[in-house]
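# Structural overview for review
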Amino acid sequence: MNYKGLEINETAEGIEIQGVHDFDLVHIFDCGQCFRWLKQKDGSYLGVVGSKAVRVSFYNEKLFISGSTYDDFVNLWYEYFDLGTDYSKIKKALCKDEIMAKAVEFGHGIRLLRQDIWELLISFIISANNRIPRIMKSVETLSKTFGNEISSSEGVFYSFPKPEDLSSCSMDKIELCKAGFRCKYISETSDMIRKKAVDLGSLSDMDTAHARKELIKLSGVGAKVADCVLLFSATKFDVFPTDVWIKKIMEILYFKREATLKEIDIFSKDYFGDLSGYAQQYLFFYARETKIS
DNA sequence: TTGCAGGGGTCAA
DNA sequence: TTGACCCCTGCA
């Protein structure tokens, strides 16, 4: 079978997609955009997306997704893995200096996943002043406590809860996820989303500055979290989420001195323009993996 | 073994 | 502009 130029083989175990370029699971899942993919000993990853729990592996330009059908690919995975975007074009446009050329070469298989904006919102609220393993544990516990069970050939998993699941329950229950002072933010933001105080679905119709302002109305959401939510949900690509890693790498590689968040924001808009979000991902992965700072 | 610093930021003063 | 904030891990 063929879908938009990609050859797909469906078997009893799942689907195999051939001829996938600019794609590397480690680069994709380890560049800071997602919290629900767990690396396995054989290099494959187990993860939950929406109501699907799958194992993915990649080898020789072939992407394998367990327990999935051709229809799943058309309805979910093609979009989720952003397979319709030509990353070689983006990379070429970004490689206008030696720094970016190195970063792009290093994370050549990065792709920006198109993730559910609500799940991202709560996940990145949890990420504030936190560590990745703990963020993953909290997201997992929220799903186990409030989500639906998903049985798959790979085991039992849980979907991420809906806004009404989190807004209707007591603080005691939310505190089970051990997110500490962020539990209050989760509860308040869930309530605001349920009441449509902020409409996540309408953000794509706004310009970037307006969409960011809307998100910052939510409890526990500042500039950094807002930018992550906009970028990783594929709502806006001209944002440059600046955390401590990105700040350090920008200071070392570009500014050659200390710089404020505002300076970095202005620089990225001017220098990377509409591709700021992609640039951020290559730089983040480069900084993290090479421990450049 | 115990103790302490600090972490993918946000909020309130 | 600055410090507190949950909880947990890593390290002395």
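Computed from a predicted structure; not experimentally measured. (Residues numbered from 1 in each chain as written. Chains lettered and ligands numbered in written order. Predicted model: local features only at pLDDT ≥ 70, side-chain atom pairs only at ≥ 80, totals over all residues. Heavy atoms only, no water.)

To continue, consider the overall build of chain A. Looking only at helices and strands, one finds 14 helices and nine strands in chain A. Computed over its C-alpha atoms, the radius of gyration of chain A comes to 19 Å, within 12% of the 19 Å expected for a compact globule of 293 residues. Taken over the C-alpha atoms alone, chain A extends approximately 55 × 50 × 35 Å along its principal axes. Taking contacts inside chain A between residues at least 6 apart in sequence as the whole, the part at least 24 apart equals 65%. (Helix = DSSP H or I, 4+ residues; strand = E, 2+ residues; numbered from the N terminus. Rg over C-alpha atoms; globule rule 2.2 N^0.38 Å. Contact = heavy atoms within 4.5 Å.)

Before going further, it helps to examine unusual backbone geometry. At K196, a residue that is not glycine, the phi angle is positive and equals roughly 60 degrees. As for its position among the elements, K196 is in the loop between α9 (182–194) and α10 (208–216). Despite not being glycine, K256 shows a phi value in the positive range, around 60 degrees. By the secondary structure assignment, K256 is in the loop between α12 (244–255) and α13 (261–272). The exposure class of K256 is exposed, given its relative accessible area of 66%. (Buried < 20%, exposed > 50% of the residue type's maximum accessible area, 1.4 Å probe, protein only.)

A few words now on the nonpolar core. Core analysis: the biggest nonpolar cluster contains 66 residues, and L121, I186, L215, M250 and L283 have the highest contact counts within it. Two domains each provide a minimum of three residues to this core, namely domain 2 (117–232) and domain 3 (244–290). Counting residues in hydrophobic clusters, the runner-up holds 26 residues, among them I17, V20, F23 and I65. (Core = buried A, V, L, I, M, F, W, Y, C linked by side-chain atoms within 4.5 Å. Domains from an automatic or database assignment.)

Taken domain by domain, chain A consists of domain 1 (2–84), domain 2 (117–232) and domain 3 (244–290). Listed as interface residues are six residues of domain 1 and, on the opposing side, four residues of domain 3. The junction of domain 1 with domain 3 conceals about 460 Å² of combined surface from both sides, 53% of it contributed by carbon and sulfur atoms. It is H27, D30 and C31 that lose the most area in domain 1 upon contact with domain 3, and together they represent 76% of the buried surface on that side. Run the count over domain 1 and domain 3 and you get zero salt bridges. (Buried area = accessible area lost by both parts, 1.4 Å probe. Salt bridge = Lys/Arg side-chain N within 4 Å of Asp/Glu carboxyl O.)

The environment of DNA strand C is made up of N129, R134, K137, K178, A179, G180, F181 and R182. Note that a base nitrogen of DNA strand C is positioned 3.4 Å from one of the side-chain N or O atoms of N129. A distance of 2.9 Å separates a base oxygen of DNA strand C from a polar side-chain atom of R182. (Near = heavy atom within 4 Å. Polar contact = N/O pair within 3.5 Å; in protein donor to acceptor, adjacent residues only side chain to side chain.)

This next bit is on the packing of helix α5 (residues 117–126) against helix α6 (residues 132–146). Following both chains from N to C, one finds α5 and α6 inclined at 135 degrees, their axes separated by 9 Å at the closest point. Judged on the interaxial angle alone, α6 and α5 are oblique. The chirality of how α5 crosses α6 is right-handed. Between α5 and α6, the contacting residues are I122, S123 and I126 on the first element and I135, S138, V139 and L142 on the second. Considered class by class, the residues forming the contact of α5 with α6 number five nonpolar, two polar and no charged. (Axes fitted to C-alpha atoms, helices over the stretch in contact; angles between N-to-C directions. Parallel < 35°, antiparallel > 145°, perpendicular 65-115°, else oblique. Left-handed = near helix turned anticlockwise from the far one by under 90°. Nonpolar A, V, L, I, M, F, W, Y, C, P; charged D, E, K, R; others polar.)

So, on to the sheet that holds strand β7 (residues 62–66). Read from one edge to the other, the open sheet built from seven strands follows the order β1-β2-β3-β7-β6-β5-β4, with strand pairing classed as antiparallel. Bordering the open sheet on either side are β1 (2–3) and β4 (37–39), each of which pairs with just one other strand. Bridging between strand β3 (residues 14–18) and β7 involves five bridges; their strand directions are antiparallel. Its bridge partner lying in β7, Q18 is registered against K62. (Pairing = 2+ DSSP bridges.)

Turning to the protein's contact with DNA strand B, a few remarks are in order. For DNA strand B, the set of nearby residues contains 22 residues, the closest of which are G32, I132, G220, G222 and V225. Considering the 4 Å shell around the protein, atoms of DNA strand B inside it are sugar or phosphate in 53% of instances. Backbone polar atom of N129 to a sugar or linking oxygen of DNA strand B: 3.5 Å apart, as the coordinates give it. At 2.6 Å from a phosphate oxygen of DNA strand B is found a main-chain nitrogen or oxygen belonging to G220. Elements that contribute at least two residues to the surface near DNA strand B include exactly α6, α11 (223–232) and α12. Per-element tally for the surface near DNA strand B: the top contributor is α11, with three residues.

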